Amino acid sequence: TRQLEMLLNTGIPMLDALDALEAAAVTDNLKKVVNTLKKRVTGGAQLSAAMDEQSAVFSNFYVKMVQAGEASGTLPNIFAQVREFTERDMEARAKVKKAMRYPMFVVIALFLAGYVQISVVLPKMASTMFSNMDKLPLPTRIMLGFSDLLSAYGLIFLVIVASVIAGIKYYTRTPQGGYNFDALMLNLPKIGPMIRSTAVSRFAQMLDVLVSSGVQVVDGLAIAGETVDNKVFERDLKKARKDVLGGTAMSVALQSKHMPQMATSLISIGEKTGALSEMLKGVADYFTSDMDDKIDGLTSAIEPIMTLIITMFVGIFVLAVFMPMIENVTSQLG
């Protein structure tokens with residue numbers, strides 16, 4: 001997108017720009033995509049139509065934006081807007097992933113460390129260092145009990161866990177399952193408000209780019225609903241589009257349990273003053289900032305919880321290992 005924007009801004013014809021893009025492609029997949037676009041455009045097709053045929057690569061939002069640029073003769077500006085939107089969207093997604101990466105890493109590391117301790121370390125110590133003890137301390141007995149369970153039913157446990165994960169993934173890929181999962185995530189403390197701010201920011205950015213490019217509001221709502229990446233907001237936006245087609249003001253149609261009042265109020269002002277694009281930009285900026293604050297708050301809340309979990313984990317295994325060692329040494333000295 002950045003390269004097409006730059007090439008078209010210099011006045012290079014579309015086919016020459018696609019030639020240059022194909023030559024500069026750094027992956028075979030990108031080269032194939034651009035080559036297919038070039039063949040279709042050479043055959044007389046519009047660039048947006050050629051992109052629409054490759055829906056796995058170009059989203060509906062991307063195709064509609066290119067269509068608007070072709071109709072208005074402003075393709076370089078359209079590519080600039082798409083690039084800016086994509087960069088902001090990628091930054092937002094990266095921030096959310098970064099916030100979730102630390103707890104996921106800690107949980108996986110603790111699970112692996114616990115498995116090694118329970119299945120390998122403690123059984124070997126019990127059969128060598130603690131073999132002369134009549135009765136092991138309670139924490140050690142509990143850990144050895146877990147070890148026996150893993151030895152006897154570990155494979156069954158893994159199959160059950162894998163089946164549950166596969167079942168959840170299958171369910172969330174169904175329309176109703178995906179909706180229920182997104183609704184659950186929106187109602188979680190700390191995580192829900194962050195997801196809501198992310199979805200509202202993404203929606204406002206997308207609708208702003210579409211409306212300012214000449215796309216009709218009803219079409220913009222349809223495109224935003226398909227690409228907002230949240231089933232709950234997708235359903236709400238579909239309903240809002242139907243209401244707008246029926247004559248309802250967009251700010252009223254957008255009112256729902258999950259759409260913040262501030263967003264609809266600013267959009268209402270934009271509709272009344274004819275400054276809808278500016279108000280949408282304001283909504284996007286506000287909720288992007290709010291999302292950053294929510295991510296910082298989530299990270300701040302996660303850190304002490306993770307510290308407590310790590311402390312408990314280490315404490316349990318220290319007790320399980322050192323208590324019998326201390327008792328063993330004490331009994332030998334006595």
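Model, not experiment: these values are computed from the prediction.

1. Comments concerning helix α9 (residues 191–212)
Logical step 1: Here α9 is 22 residues long and its end C-alpha atoms lie 32 Å apart, about the 32 Å a rise of 1.5 Å per residue gives.
Logical step 2: At the exit of α9 stands Gly-214, carrying a positive phi of roughly 100°.

2. Focus: helix α5 (residues 60–72)
Logical step 1: The end-to-end C-alpha distance of α5 is 18 Å, a good match for the 18 Å that 13 residues give at a rise of 1.5 Å each.
Logical step 2: Within the sequence span of α5, burial applies to Phe-61, Tyr-62, Val-63, Met-65, Val-66, Ala-68 and Gly-69.
Logical step 3: Lining the buried residues of α5 we find α4 (47–52), α6 (75–128), α9 and α10 (217–227).
Logical step 4: Immediately beyond the C-terminal end of α5, within one or two residues, lies Gly-73, with a positive phi of roughly 70°.

3. Topic: unusual backbone geometry
Logical step 1: A positive phi angle is found at Lys-190, which is not glycine, with a value near 70°.
Logical step 2: Within the secondary structure layout, Lys-190 lies in the loop between α8 (175–186) and α9.
Logical step 3: Its identity is not glycine, yet Asp-229 carries a phi of approximately 70°, on the positive side.
Logical step 4: By secondary structure assignment, the location of Asp-229 is in the loop between α10 and α11 (231–245).
Logical step 5: Judged by its relative accessible area of 55%, Asp-229 falls in the exposed class.

Parameters and conventions
- Residues numbered from 1 in each chain as written.
- Predicted model: local features only at pLDDT ≥ 70, side-chain atom pairs only at ≥ 80, totals over all residues.
- Heavy atoms only, no water.
- Helix = DSSP H or I, 4+ residues; strand = E, 2+ residues; numbered from the N terminus.
- Expected span 1.5 Å × (residues − 1).
- Buried < 20%, exposed > 50% of the residue type's maximum accessible area, 1.4 Å probe, protein only.
- Contact = heavy atoms within 4.5 Å.

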